Amino acid sequence: MVATLQTHNMAPAIFEENISQSKLLMYKPMAVLQEKNIAKKKITNTRTVFSSIGLAIPFQPSMWDEKSIHSVLNNGMEMVKAKLKSRYSEECANTILTRLEKLFPKLNFNTHRKSLAIILTPDEEKIFYLSFPVKPVVFLSKSVSVLDLAANMQQEAEFFYFVLNEKSVILYDYFNKKLHKVYENNHEPSVSNLFKKAADTVELLNGKYEKPVFVTGKLNMLEGFCNSTPYSKQFFTLLYHASPFRSEIKESLIDEITGHWSYWQSKFTKTKIIIAKETGSLISHFDTVLKAFDKCADGLLLVDKHLKKQLPKSNKTGGLFQMAEEFMQQLEKFLVRGNRIEITEAGLLKDMGGIVLLQGSNKALPVYRQSTAGGSLY
């Protein structure tokens, strides 16, 4: 686009010293030829060949209707178009978009995974169905990896919320910024049966322990419930209260949890690491994790944010991460098998080489329990 003169940014005229005040220093607009040269330079800067492009979008076709599927795929195309605009020539951009359009009909629309990641290079295309939610994102780079796309995991608050009242329990599932009632039991004559069925319900709905479970209610009910289950460490216990949990109390606690979600997420991750150490299912440090990948180890991979930034540079620098390319190849296989990856806050894994594999995280892993009497969250 040709540069234009914006008169409201013009410098004020200034009187020269020792000459007639009628002679002014005038602002001279840029020569037309120079403007054309700048515009021409911008045009020639558009690339005619791309190196790598990555797209990640939510993708749950088995749970959606046809209209929702088309909407998500169309939004993905629009994101790619916007990213390509002004960076690549029209011919190059059209080539990329055409490849995506031909790729979409070949997708697996029966998958029960939660997200889709696509990587295109001039020579190949890769499709990954991820078992965790991601935020829509497009990457243009010399080399886009599945780690870049998987690291864009959606970090919105998601958790289970248990309310224990006298002779009744209610379980809520919080997702999409809303609380959904998923279980209620107020017909059990025996409190022990009530507790057992409540614990079984949590195990059924949260078997992989991907979400923290918060438990609230009367003190005697909380103690009885936690003492009745072998997974007592699974729960965050919050706010003992003498009266039944009214809606305003429930809403207040939900606001507190979601308002400090990074705090609870960090606690959740730290406790899973502690439990994994106790059960001997934790593998740490880069070389050891890579060896476990070679043996097709499964679980939850935690990568420190600082290490994640270092890995793309490792092939150039060599040293400890000279096996980064092999790691990326194994990571692709790891995610294809349905495993999960999370990027943790910088420093959380500093004593473990910045990387941790929690083996078999799909098995029952107890989660952090925090007792806080007196109505306080912390």
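Whatever comes next refers back to the structure up there.
Since the model is a prediction, treat every value here as computed from it, not as a measurement. (Residues numbered from 1 in each chain as written. Predicted model: local features only at pLDDT ≥ 70, side-chain atom pairs only at ≥ 80, totals over all residues. Heavy atoms only, no water.)

1. Observations concerning the packing of helix α5 (residues 191-205) against helix α6 (residues 219-228)
The criterion, for reference: Here the axes come from fitting lines to C-alpha atoms, over the contacting stretch only for helices, and the angles between their N-to-C directions go from 0 to 180 degrees. To qualify as a helix, a DSSP run of H or I must reach at least 4 residues; to qualify as a strand, a run of E must reach at least 2; elements of each kind are numbered from the N terminus. Handedness of a crossing is defined here by the sense of rotation of the near helix relative to the far one, left-handed for an anticlockwise turn of less than a right angle and right-handed for a clockwise turn. A contact between two residues is defined here by any heavy atoms of the two lying within 4.5 Å. Only Asp, Glu, Lys and Arg are considered charged, only Ala, Val, Leu, Ile, Met, Phe, Trp, Tyr, Cys and Pro nonpolar, and every remaining residue, Gly among them, polar.
Interhelical geometry of α5 versus α6 gives an angle of 65 degrees and a closest axis separation of 10 Å. Note on packing geometry: the crossing formed by α5 with α6 is right-handed. When α5 is examined against α6, the residues Leu 194, Phe 195, Ala 198 and Ala 199 are found in contact with a partner set consisting of Met 221, Gly 224, Phe 225 and Ser 228. For the contact of α5 with α6, the class distribution of residues is six nonpolar, two polar and no charged.

2. Some details on the sheet that holds strand β14 (residues 340-344)
Operational definition: Strands are labelled as partners when DSSP assigns at least two bridges between them.
The four strands are arranged β12-β15-β13-β14 in an open sheet whose pairing can be described as mixed. Two strands close off the open sheet at either side, each with one partner strand: β12 (282-284) and β14. For this sheet, the mean angle separating the axes of adjacent strands, direction not counted, is 20 degrees. Note that β12 and strand β15 (residues 355-359) share three bridges and pair antiparallel. Bridging across to β15, Ser 284 finds its partner in Val 356. Seen against the sheet, helix α12 (residues 324-336) touches β13 (299-304), β14 and β15 and runs at an angle of roughly 140 degrees to β13.

3. Things to note about the sheet that holds strand β5 (residues 125-130)
In space, the four strands of this open sheet follow the order β5-β4-β3-β6, with antiparallel pairing throughout. Edge strands, defined here as strands with exactly one partner in the open sheet, are β5 and β6 (137-141). Ignoring strand direction, the axes of neighbouring strands in this sheet form an average angle of 10 degrees. Relative to β5, strand β4 (residues 115-120) is paired through six bridges, and the arrangement is antiparallel. Within β5, the residue paired with Ser 115 across the bridge is Leu 130. Strands β3 (52-58), β4 and β5 of the sheet are contacted by helix α3 (residues 90-103), whose axis makes an angle of about 135 degrees with β4.

4. Things to note about the packing of aromatic side chains
The criterion, for reference: Each Phe, Tyr or Trp ring, with Trp reduced to its six-membered ring, pairs with another whose centre is within 6.5 Å; inter-plane angles below 30 degrees give stacked pairs, above 60 give edge-to-face pairs, and intermediate values give tilted ones. Relative accessibility thresholds used throughout: buried, under 20% of the residue-type maximum; exposed, over 50%; partly exposed, between the two (1.4 Å probe, protein chains only). Here, a charge over a ring means that NZ of Lys or CZ of Arg falls within 6 Å of the ring centre while also lying within 35 degrees of the ring normal.
Taken as a whole and judged by the stated rule, the model has 16 aromatic pairs. Here Phe 286 and Phe 327 contribute two aromatic rings whose centre-to-centre distance is 5.0 Å and whose plane-to-plane angle is 40 degrees, an arrangement assigned as tilted. On the criterion of sequence distance, the pair formed by Phe 286 in helix α9 (residues 286-294) and Phe 327 in helix α12 is long-range, its members being 41 residues apart. Its relative accessible area of 1% is what places Phe 327 among the buried residues. Taken together, the ring pairs connect Phe 159, Tyr 174, Phe 214, Phe 236, Trp 261, Tyr 263 and Trp 264 into an aromatic cluster. Over the face of the ring belonging to Phe 160 we find Lys 211, whose NZ or CZ atom lies 5.1 Å from the ring centre.

5. Some points on helix α8 (residues 261-279)
Worth spelling out the cut-off: The span you would expect from a helix comes to 1.5 Å times its residue count less one.
Its 19 residues place the ends of α8 27 Å apart at the C-alpha level, agreeing with the 27 Å of an ideal helix rising 1.5 Å per residue. Taken together, the buried positions of α8 are occupied by Trp 261, Trp 264, Gln 265, Ser 266, Phe 268, Thr 269, Thr 271, Lys 272, Ile 273, Ile 275 and Ala 276. Backbone geometry just after α8 places Gly 280 at a positive phi near 70 degrees.

6. Considering the pairing of β13
The element β13 is largely enclosed, with a buried count of six among its six residues. As defined by bridge partners, β13 adjoins β15 across five bridges and the pair is classed as antiparallel. What sits directly across from Gly 299, in β15, is Gln 359. Sheet topology places β13 next to β14; five bridges connect them, and they run parallel. Within β14, the residue paired with Leu 300 across the bridge is Arg 340.

7. Describing the nonpolar core
So the rule is basically this: In this description, a nonpolar core means a group of buried Ala, Val, Leu, Ile, Met, Phe, Trp, Tyr and Cys residues linked to one another through side-chain atoms lying within 4.5 Å.
Core analysis: the largest hydrophobic core is formed by 34 residues, its most contacted members being Leu 301, Phe 327, Leu 331, Leu 335, Ile 341 and Leu 357. Looking at this core, the elements with two or more residues in it are β4, β5, α4 (146-150), α9, β13, α12 and β15. Broken down by element, the residue count for this core peaks at six residues, all from α12.

8. Concerning the side chain of Ser 115
Residue position: Ser 115 is located in strand β4. The exposure class of Ser 115 is buried, given its relative accessible area of 0%. Setting aside its immediate chain neighbours within four residues, Ser 115 contacts Ile 57, Pro 58, Phe 59, Phe 128, Tyr 129, Leu 130, Phe 132, Pro 133 and Val 134.

9. What about α3?
Heads up, the rule is: Here, the arc refers to the directions that run from the helix axis to the C-beta atoms.
Compared with the 20 Å implied by 1.5 Å per residue over 14 residues, the 20 Å span of α3 between its first and last C-alpha is a close match. Residues of α3 that are buried include every one of Cys 92, Ala 93, Ile 96, Leu 97, Arg 99, Leu 100 and Leu 103, and no others. Mapping the buried residues of α3 onto a view down its axis gives an arc of 155 degrees, with all of them on the same face. Projecting away from the buried face of α3 at angles above 90 degrees are the exposed residues Glu 90, Glu 91 and Lys 102.

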